[in-house]
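The primary structure of each chain is shown beneath.
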Amino acid sequence: MKQKKFRVRVMKYAHNLWVNAYGTWSECVKQAWNLYRLALRMREDVVQFLYRKTNGQFRYAFGTLKGLPAGASLNGKKVTKPSYKTMAYYDIKKQAMRCFRVEKLIAVY
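How each quantity is defined
Throughout, residues of each chain are indexed from 1 in the direction in which the sequence is written. Reporting in this predicted model follows two pLDDT cut-offs: at least 70 for local features of residues, and 80 or more for side-chain atom pairs to be given and counted; totals over whole chains, interfaces and linings ignore these cut-offs and use all residues. Values shown for side chains rest on all heavy atoms present in the structure; no hydrogens or waters enter the calculation. Only runs of H or I of at least four residues qualify as helices and only runs of E of at least two qualify as strands under DSSP, and these elements are numbered from the N terminus. In protein, a polar contact requires one atom able to donate a hydrogen and another able to accept it; more generally it is a pair of N or O atoms within 3.5 Å, and residues adjacent in sequence count only if both atoms are side-chain atoms. The contact rule is simple, with two residues in contact once any of their heavy atoms fall within 4.5 Å. To sort residues, take the accessible area from a 1.4 Å probe on protein chains only and compare it with the maximum for the residue type: under 20% means buried, over 50% means exposed, and anything in between is partly exposed. Aromatic contacts are taken between Phe, Tyr and Trp rings whose centres are within 6.5 Å, Trp giving its six-membered ring; a plane angle under 30 degrees counts as stacked, one over 60 as edge-to-face, and the others as tilted.

Hey, could you go over the side chain of Asp91 for me, with residue numbers and the actual values?
By the secondary structure assignment, Asp91 is in strand β5 (residues 86-91). Here Lys93 takes part through its backbone nitrogen, which lies 3.1 Å from a polar atom of the side chain of Asp91. In contact with Asp91, other than residues within four places in its own chain, are Arg59, Phe62, Ala96 and Arg98.

So, in structure tokens, the structure goes:
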């Protein structure tokens, strides 16, 4: 059963993108797979990626999820369950937890 959980996560990302009028279903699924692959890579190493901030600026981020303690906090709040609207990561340059809206991801390097 544990092997199928990644598909559920991808489909939840895709559904959230589709409900928020991101685009067609196929575009939403592609973006969801990009988010899933980004999360996998961040669990292993530092990853550079690009997303658009809510104020319209672009941010080149160096983020990771490797070595984070269980229950790491984001802006004073504990991150206990996955959110399919945002993706949290540890920013290497700022030395702090950050997050971005999933529809704002542009590229992963």
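Outline the environment of Trp18, supporting the account with residue identities and numerical values.
Summarising the element assignment, Trp18 is placed in helix α1 (residues 5-19). The spacing of Trp18 and Val29 is eleven residues in sequence and 8.7 Å in space, taken between C-alpha atoms. Setting aside residues up to four positions removed in sequence, Trp18 forms contacts with Gly23, Thr24, Trp25 and Cys28.

Which residues make up the environment of Ala96, and what values do they have?
Within the secondary structure, Ala96 is located in strand β6 (residues 96-101). A relative accessible area of 26% means that Ala96 is categorised as partly exposed. Taking the C-alpha atoms as reference points, Ala96 and Gly63, 33 residues apart in sequence, are found 9.8 Å from one another. Setting aside chain neighbours within four positions, we find Ala96 in contact with Tyr89, Tyr90 and Asp91.

A description of the packing of aromatic side chains should follow, citing residues and the corresponding values.
Per the stated rule, a full pass over the model turns up twelve aromatic pairs. Both rings, one in Tyr51 and one in Phe100, keep their centres 4.6 Å apart while their planes meet at 20°; by these two values the pair is stacked. Residue Tyr51 is located in strand β1 (residues 47-52), and its partner Phe100 is located in strand β6; the two are separated by 49 residues in the primary sequence. Given a relative accessible area of 3%, Phe100 falls into the buried group. An aromatic cluster of at least three residues, connected via ring pairs, comprises Phe49, Tyr51, Tyr89 and Phe100.

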